[in-house]
Structures are given as C-alpha cells and as structure tokens.
Amino acid sequence: MFRPCAALATLLLTATALAGPPAAAPAPQVPAVAAPVPNADKLVSYRKTVMGSMGSHMKAAGMIARGDVARPQDLPAHAHALQAAGAEMTALFPAGTGSDTQRTEAKADVWARPAEFQAAVAAYQSATADLVTAADAGDLAAVSEALGKVGRTCGGCHDGFKIKD
Amino acid sequence: MITLVAALAFADPPGVAAQGERLAGLAGCVACHTAAGGEPLAGGHRITTRFGTFVGTNITPDVTYGIGSWAFSDFKRAMVEGRSPDGRAYWPAFPYEHFTHLDDPALADLWAWLRVQPPVARRDEPHEPKKGLNTQAAVHLWRLFAFRKGPLPPDEDHPDLSRGAWLAEGPGHCGGCHTPRNGVGVPIQRRALAGNHDPAAPNITPHPTDGIGAWTVDDTLIFLREGMLPDGDYVGGEMARIVTEGTARLSDADQQALAVWMLGQRPVADRPRRAPRTGDR
C-alpha cells in the first residue's frame, strides 16, 4: 500500500542525509567598541548576585541599627561584607558587560564616564570603611549614621550608572 | 495712629519659620531655586523639558534681585494663583497647581522662613521656552486644563487619608514628577503617580508588580525616613534629596499619614513597552 506521508518523510530524510551538514550560521555582529568578554553573561549574573547581597546586608544591618532585632553581634559581619564587595567593584565591570550586549542594568556611562564611575566607587569604599569602624566598635548610633552615608553612595552611583525603568 | 493701623494691616501674618523650613524641604524650594554650586534660593537651576528650559528664580529677600520687596499677598498670589505681582501667569515648571492647595497657616510658615534667609544679589536669567511657546496664551491654555485654584477637594470616601493627601498633593507635589503628562504638558490623572519619563520617575502606585504594591507600611516609612528600598538599594539623585531634606524631617505622624496614603492610591500598571529592552525586567 502506498503511504504518501511515509514516502515523503523518507525522501526528505534521505535528501537531508545526502546534503551534508548545514552551512555555518553567519557570525553575530560584535560591537566595534567592546571586545567580547569570555563568559560575559556569567560575570553579569555574578555581578547581580553580589549587588543583591549588598542590598541584603544593608537591609539586615539597618534592622539591627533600628532595633528591630537584637543582634548587634552580627553587625561586623554585615559591614565587612559590604566593604569587601566594594573592594572588588571595579573588577565586576569589565568592558563588554554593558547593556548594549548583555541583559544588565549597567549603563554605557560606566565605560563612557570612567572618572565619574571611579569616583562613585571610591565614595562607596570610603563610606563602608566608616561603617566598618562603627560596626566593629558596636556603636549603634554611629552605625545608623554610617549606613545612611553608605546608602547615599549606593543611590548616588545608581542615579548615574544604572538603567532606570 | 493711621500709620500704626496701616502697619498692622500690612504686617506679615504670624508664621513659624521652623515649620516653614520643614515645608520648604518637602516642597523642594531650595532644589529648584538654587544653581549647582550656587547660593541657596538665589536662582539659576535649569529645568529642561520638552517645552523648553526654565530657570529657577531668585527667591531670597534681596530687594533688587529677589523677592525682598514682596508683601505676603504677593507670595500668596504666586503660590495659590500662579501669578506674579503684576499679574502674569507663571510657567508651570513652578508647580503651583500643587502649591495652590496650601492653606494660609502653611503659607505664613513658608513666608516666615523665606524672609529670614540670606539675601543674595543675583539677577534672574530669562526662561527659554521653545519657539512659538513664549506667550501668556500658551500658559493660559495649559492652566485651562491643568490648574484648579484652591484647596484640595476632600476625598469623601477616605477622610482618614486627608492629611497624607495634603502632604502629597500640596507641598510634596509628588505627581509633579511621578504622574505622566500628555503632549501639552497636562498631567494624565487616570495614570496618577504611575511614572514619567521626563523627568524619569518610577511608578509609585501600589501596583503589585509595577509599583509599590508589595511594600508594607513599615517598608514605606523606612523609605520616607532613610531612602532605602525594600531590597536594600537606595534612591539617588533628586529623590534622595527629597528624602533627606523633606520626608525624613516630617513628624512621625506625618510620615505615617503619607505612607498610608501612598499605599491607598489606585494601583496603575505600567504601559506596555514599545520596543524590548536589553536590560533586566
């Protein structure tokens, strides 16, 4: 019995087998400015994770400073973590990890205005150093004040260098 | 005797400068009337909009270049009617459609504070409206659609939200930045507080995904006091200043009123985007 569908399928499969492997797809356009970073998507994912952790430490430290929870002994850990994130900040922004090529909220300004970006990073590093001092001393009032200063450096950098909705 | 009566009649109303300072912080007077690196309230701050660039004026008590020769009635006319002492309508870069809600005691407090600020002799720069717009007719057309003089109409369904409403719609003028506007600069009230592009201001309606719908009252109070968002990030730029100079200095009761009012507004979803963004969300 002649089965047209089966015959057609066999014909197509045979034709495909005889045709050889498909031609390679054309290479994707790489922007002229940024050299591709190996595993750029992984670095962006890592960067977001680190940023998220900074937010969590800020929030947790704030709860302690406000007296929502009685855990002043946890303050140094939060403060040191925030400071450590600042130390690696610049390394988290290599060229090629901006929003033109990656799913990220890092604006092109990070690389177009490097002096201002570095100043924003430096402001964060300075503020977290003060936070560490206050946290290590267990001074809740000083921690409150220092947290506010750190928060303003977060917002200050994001205002210029993070995409807003 | 007649002079005494006249002096009393024209005396400034009793206002409390310390209260005025708090209102001024919330209203952002210093932010709009101070140039970058300039003397406070002496003017020069440039506000660029699609209708042109408008320059904040000198509102120090300088007699020649500021408002030192004004009477309280001139100040009230400016704030409540949006008109200069000689009757011209102001450009709505000055958000008098919000300040019109201020009552006499609030205006008196602001006036008391303004009068004791240091006078600065700085000449105002002219505004730069877009070609064809530099007419009173253009301003009056906007006023026809966007300006309702006088106190905030009470929300009869939610009388308990009246203080928060006054703070937000009056001196706070949140909608001035956060409510989108149509092509002729009139706020789109059915999308109140749902976010704007120019200036860039997010959706702060209590929409569950597009706004602050997931925030608790505590989250909102922390935001108003510290500028911290529920994920531990912080606001920056203009809003950071509004927090540190404005909402952070309100009384606890006022912060509570404002927080509850914000969470009680109508949730409005974002408009769907026209083109996909590379970035997140």
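The structure presented is a predicted model; accordingly, all values stated were derived computationally and were not measured.

1. Focus on the pattern of salt bridges
Then, in step 1: Going through the model one piece at a time under the given rule, you end up with 17 salt bridges over all chains.
Then, in step 2: The partner of B:Glu226 in a salt bridge is A:Arg66, with the nearest N and O atoms 3.0 Å apart. Here B:Glu226, found in helix α10 (residues 217-226), pairs with A:Arg66, found in helix α2 (residues 40-66), and the two come from separate chains.
Then, in step 3: Overall, A:Arg66 belongs to the partly exposed group, its relative accessible area being 29%.
Then, in step 4: Residue A:Arg113 pairs with A:Asp109 through a salt bridge whose shortest N-O separation is 3.1 Å.
Then, in step 5: Residue classification places A:Arg113 among the partly exposed positions, given a relative accessible area of 27%.
Then, in step 6: Judged by relative accessible area, which is 24%, A:Asp109 ranks as partly exposed.
Then, in step 7: What you see here is one network of salt bridges that share partners, running through A:Arg66, A:Asp68 and B:Glu226.

2. Looking at the interface of chain B and chain A
The figure often quoted for interface size is the accessible area lost as the parts come together.
Then, in step 1: Taken together, the contact pairs 18 residues of chain B with 22 residues of chain A.
Then, in step 2: Together, the buried faces of chain B and chain A total about 1,800 Å²; carbon and sulfur atoms form 44% of this surface.
Then, in step 3: Our count for the contact surface shared by chain B and chain A stands at two salt bridges.
Then, in step 4: Only α10 and α11 (237-245) of chain B provide two or more residues apiece to the side of chain B that touches chain A.

3. Regarding the pairing of strand β1 (residues 46-49) of chain B
All names here are of chain B.
Then, in step 1: Sheet topology places β1 next to strand β2 (residues 52-55); four bridges connect them, and they run antiparallel. Residue pairing in the sheet places Ile47 in a bridge with Phe54 of β2.
Then, in step 2: Two successive antiparallel strands, β1 and β2, enclose a turn made up of two residues.

4. Remarks on the sheet that holds strand β3 (residues 128-129) of chain B
Then, in step 1: An order of β1-β2-β3 (chain B) is seen for the three strands of this open sheet, with the pairing classed as antiparallel. Edge strands, defined here as strands with exactly one partner in the open sheet, are β1 and β3 of chain B.

Definitions and limits used
- Residues numbered from 1 in each chain as written.
- Chains lettered and ligands numbered in written order.
- Predicted model: local features only at pLDDT ≥ 70, side-chain atom pairs only at ≥ 80, totals over all residues.
- Heavy atoms only, no water.
- Salt bridge = Lys/Arg side-chain N within 4 Å of Asp/Glu carboxyl O.
- Helix = DSSP H or I, 4+ residues; strand = E, 2+ residues; numbered from the N terminus.
- Buried < 20%, exposed > 50% of the residue type's maximum accessible area, 1.4 Å probe, protein only.
- Contact = heavy atoms within 4.5 Å.
- Buried area = accessible area lost by both parts, 1.4 Å probe.
- Pairing = 2+ DSSP bridges.

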